[in-house]
Amino acid sequence: MSAADPFLEELEQSFALPDGALKAVRRAFQEEMQRGLSGEPSSLKMLPTFIDRASGRERGRFIALDLGGTNFRVLRVELLGGGTVRVAGIGKYVIPEAAMRGTGDELFGFIARSIAQFLNDNRIDAEAKFRLGFTFSFPIDQSGITSGKLIKWTKGFSASGVEGADVVVLLSKALRQVGLNDIDIAALANDTVGTLMAQSYEEPDCDVGIIFGTGTNACYREKVPNIKKMKPAVQSGEHMIINIEWGDFSQLRVTDYDRQLDRATNNPGRQWMEKMISGMYLGEIARLILERMIEEGILFAHSSARLKAGDFETRHISLAESDRSDDLANIEECLEALGLSDSSYDDRAAVAAVCRVVSTRAARLAAAAISAIVTWMDPEPSRKHTIAIDGSLYEKHPHFRQRIVDTLEDLHGDASRQIELTHAKDGSGIGVAVAAAVAAARA
Ligand code: BGC
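This structure is a prediction, so every number in the text was calculated from the model and none was measured. (Residues numbered from 1 in each chain as written. Predicted model: local features only at pLDDT ≥ 70, side-chain atom pairs only at ≥ 80, totals over all residues. Heavy atoms only, no water.)

(A) Summary view of unusual backbone geometry. Here the amide bond leading from glutamate 380 into proline 381 is cis, since omega sits at -10°, within 30 degrees of zero. Assignment of secondary structure puts proline 381 in the loop between α12 (345–377) and β12 (385–390). Of note, methionine 46 is a non-glycine position whose phi angle comes to about 50°, a positive value. Assignment of secondary structure puts methionine 46 in the loop between α2 (19–38) and β1 (47–48). Residue methionine 46 is classed as buried on the basis of its relative accessible area, which comes to 0%. In this structure, phenylalanine 300 is a non-glycine residue whose phi angle is positive, near 50°. Here phenylalanine 300 is to be found in the loop between α9 (282–295) and α10 (314–322). Taking the relative accessible area as the measure of exposure, phenylalanine 300 reaches 4% and is therefore buried. (Helix = DSSP H or I, 4+ residues; strand = E, 2+ residues; numbered from the N terminus. Buried < 20%, exposed > 50% of the residue type's maximum accessible area, 1.4 Å probe, protein only.)

Structure below.
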C-alpha cells in the first residue's frame, strides 16, 4: 500500500458518478432543457440557430472563419454535392493576448487582417464577391442566420465592447476597414452547429453536434413547435438546430477543487459543466489535487518543487493516461519537464490515478448529458442517432471516447447501440460553409 492510497480512495468517491447520480443529472438536464425552450430561467440557454441540417446536395465555394480557441482559422471550402467536401486551403493565426483580452476593435481588426492575409497568400481575388461563413464559438443570441449578439464571453476571452453587440456587424465593419468591401457574410454559427452541419452533409441521420475542446457544448435538432419561446412569426420549417450551451449547466455536485478552480477564472460562478469537462480546465483540476497531495506530504516527498497554476495541462492528463510502460517512464519524463525530478514509482502511479479520476468524471458527465439529449428526442431510443463530435480532448485523450461509450451502455444497455459517436474532423471549420449553403438554398 502506498502513502497516497487513502487519499486517492477518498478522491475517487468524491468524483464518482454512479448510475443513480447519472440518472439524476439526466433528469435535471432535461428539466433545464424544457425551461430553456420555454424562455423560463434556466442554466441551459437553448438558443435557436435559424438553420436545419444539410441534405448533402448543397454546392458552392465558401470562405469559412473559425474563432473560439487559441487560433483563428480561415478555410477555403468547396462543397461538391453528394456529401463531398474539398478543403482547398487553411490559414492558422495565433490570437495575440492583446486581441483576446483587449478591445473588440483590436480583436476584429486582427480577424480582418488575418483574412486579408489569407486571401493574399492563396491568391484569392479580394474584388471577387464570395460568400463567407463565420463560426463564432461562444453563446450568441441569434435573430436570423446572419446576425447574432454575443451573450457572454467564455474560455478566457474578454475583449471589451463585444458582449451585447452583433458580431456580424463588428466583422463587416472591420473588413471594410481593411478594404474588403465586397464580402457577403452568409452564415453565423456556433462550432457545435458547424460540427452537426458538416456531419449531416455526409450522413443525414446526424442529429447532435458536440465539441470537447478548449470549451465544451452541444447542439441538437429540435421540432420547431417545441421551441415555445420563439414567436410563431419567425418560425419556419419543421426542425431547427438548438445550441444548448451545455457548458453553463449548473445542477451538479461540485467538489472543493471545482470551487477553487472556479474562483481563479475570469467568469466565476458560470460554466460549471464546462469547468468539469473541457480541455481548458481538466489539467488545472488535476494540478489542484496534486498540489494538495504535495502539501500533505504524500506526493513527491523528496522534492521541494511545486506545481504552479497552469503548469499541468490537459495534454499532460492524456499523456499520463497513455503511459503503458512498466516503470511509467513517460510520466517520469513529463514530471521532470515540470521541474519534479526524482519521482518514485508510487508518485507516478498516483499522478496517473488522479488524472484517471478527473477525466473519468468528465466522460461520465458528458455521457449523462448525451443520454439526456437523445432520450429527449427519442425516449427509447428506438432509432439511430449519429452524434458528431470534434475537439482536441476528444481527439487526443486515449480513453475519453470509450468511457463515454461505456457509460452510455451502463445507462441504456443494448439500446446504447442506437447512439453512434462519430468524429467530425474539422467540423467546426467546414460546417459553417455547409450552413451558408443551406441558407443560400433556402433564400
Ligand atoms: C462556448 C460554446 C462553444 C464551446 C466549444 C463554450 O465555452 O460557450 O459556445 O460551443 O465553448 O467551443
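(B) Focus on the site of the ligand. Not every one of the 15 residues close to the ligand is listed here, only the nearest: Thr154, Asn190, Asp191, Glu245 and Glu274. Separating an oxygen atom of the ligand from a side-chain N or O atom of threonine 154 is a distance of 2.8 Å. In the model, an oxygen atom of the ligand is placed 2.7 Å from a nitrogen or oxygen of the glutamate 274 side chain. When the ligand sits alone it has 310 Å² of accessible area, and the protein chains cover 98% of it. Looking at the shell around the ligand, its residues break down into three nonpolar, eight polar and four charged. (Near = heavy atom within 4 Å. Polar contact = N/O pair within 3.5 Å; in protein donor to acceptor, adjacent residues only side chain to side chain. Areas by Shrake-Rupley, 256 points an atom, 1.4 Å probe, with all protein chains shown as cover. Nonpolar A, V, L, I, M, F, W, Y, C, P; charged D, E, K, R; others polar.)

(C) Representation of helix α6 (residues 191–202) within the structure. Compared with the 16 Å implied by 1.5 Å per residue over 12 residues, the 17 Å span of α6 between its first and last C-alpha is a close match. Among the 12 residues that make up α6, 11 are buried, leaving the element largely enclosed by the rest of the structure. Inspection of α6 places Asp191, Thr192, Val193, Gly194, Thr195, Leu196, Met197, Ala198, Gln199, Ser200 and Tyr201 among the buried residues, and these make up the whole buried set. (Expected span 1.5 Å × (residues − 1).)

(D) Geometry of the sheet that holds β1. Spatial strand order, β1-β11-β10-β9-β12-β13: six strands in an open sheet with mixed pairing. A strand with exactly one partner marks an edge of an open sheet, and here the two such strands are β1 and β13 (419–423). Examined bridge by bridge, β12 and β13 share five bridges and lie parallel to one another. When the sheet's bridge partners are listed, isoleucine 387 is paired in β13 with leucine 421. α6 contacts β9 (206–212), β10 (216–223), β11 (239–243), β12 and β13 of the sheet and is inclined by roughly 135° relative to β9. (Pairing = 2+ DSSP bridges. Contact = heavy atoms within 4.5 Å. Axes fitted to C-alpha atoms, helices over the stretch in contact; angles between N-to-C directions.)

(E) Here's a closer look at the side chain of aspartate 66. With respect to the helices and strands, the residue aspartate 66 is situated in strand β2 (residues 59–67). The class of aspartate 66 is buried, set by a relative accessible area of 10%. Only 2.9 Å separates the side chain of aspartate 66 from the side chain of arginine 73, close enough to count as a polar contact. A polar side-chain atom of aspartate 66 sits 3.3 Å from a polar atom in the side chain of serine 428. In contact with aspartate 66, not counting residues within four places along its chain, are Asn71, Phe72, Arg73, Thr135, Ser137, Ser428 and Gly429.

(F) Representation of the pattern of salt bridges in the model. A complete count under the given rule lists 30 salt bridges for this structure. The salt bridge partner of glutamate 78 is arginine 61, with a shortest N-O separation of 4.0 Å. Separated by 17 residues along the polypeptide, glutamate 78 in strand β3 (residues 71–81) and arginine 61 in strand β2 bring together distant segments of the chain. Taking the relative accessible area as the measure of exposure, glutamate 78 reaches 11% and is therefore buried. Of the residues examined, arginine 61 reaches a relative accessible area of 57% and is grouped as exposed. (Salt bridge = Lys/Arg side-chain N within 4 Å of Asp/Glu carboxyl O.)

(G) Inspection of helix α1 (residues 5–15) at higher detail. Every buried residue of α1 is accounted for by Phe7, Leu8, Leu11 and Phe15. The buried residues of α1 occupy one face: seen down the axis, they fall within an arc of 95°. Away from the buried face of α1 by more than 90 degrees, exposed residues Glu9, Glu10 and Gln13 are located. Where α1 is buried, its residues contact α7 (256–263), α9 and α12. (Arc of directions from axis to C-beta.)

(H) Up close: the packing of aromatic side chains. Overall, the coordinates contain 14 aromatic pairs when judged by the stated rule. Here the aromatic cluster, defined as three or more aromatic residues joined through ring pairs, consists of Phe29, Phe212, Trp246, Phe249, Tyr394 and Phe400. The residue whose ring lies beneath lysine 155 is phenylalanine 138, and the NZ or CZ to ring-centre distance is 4.6 Å. (Phe/Tyr/Trp six-rings, centres within 6.5 Å; stacked < 30°, edge-to-face > 60°. Lys NZ or Arg CZ within 6 Å of the ring centre and 35° of its normal.)

(I) Representation of the packing of α9 against α12 in the model. As a packed pair, α9 and α12 sit with axes 10 Å apart at the nearest point and diverge in direction by 140°. Taken together, the axes of α9 and α12 lie oblique to each other. Remark: the crossing between α9 and α12 carries right-handed chirality. On α12, the residues that touch Leu282, Ile285, Ala286, Ile289, Leu290 and Met293 of α9 are Ala350, Val351, Val354, Val358, Arg361 and Ala362. For the contact of α9 with α12, the per-class residue count stands at 11 nonpolar, no polar and one charged. (Parallel < 35°, antiparallel > 145°, perpendicular 65-115°, else oblique. Left-handed = near helix turned anticlockwise from the far one by under 90°.)

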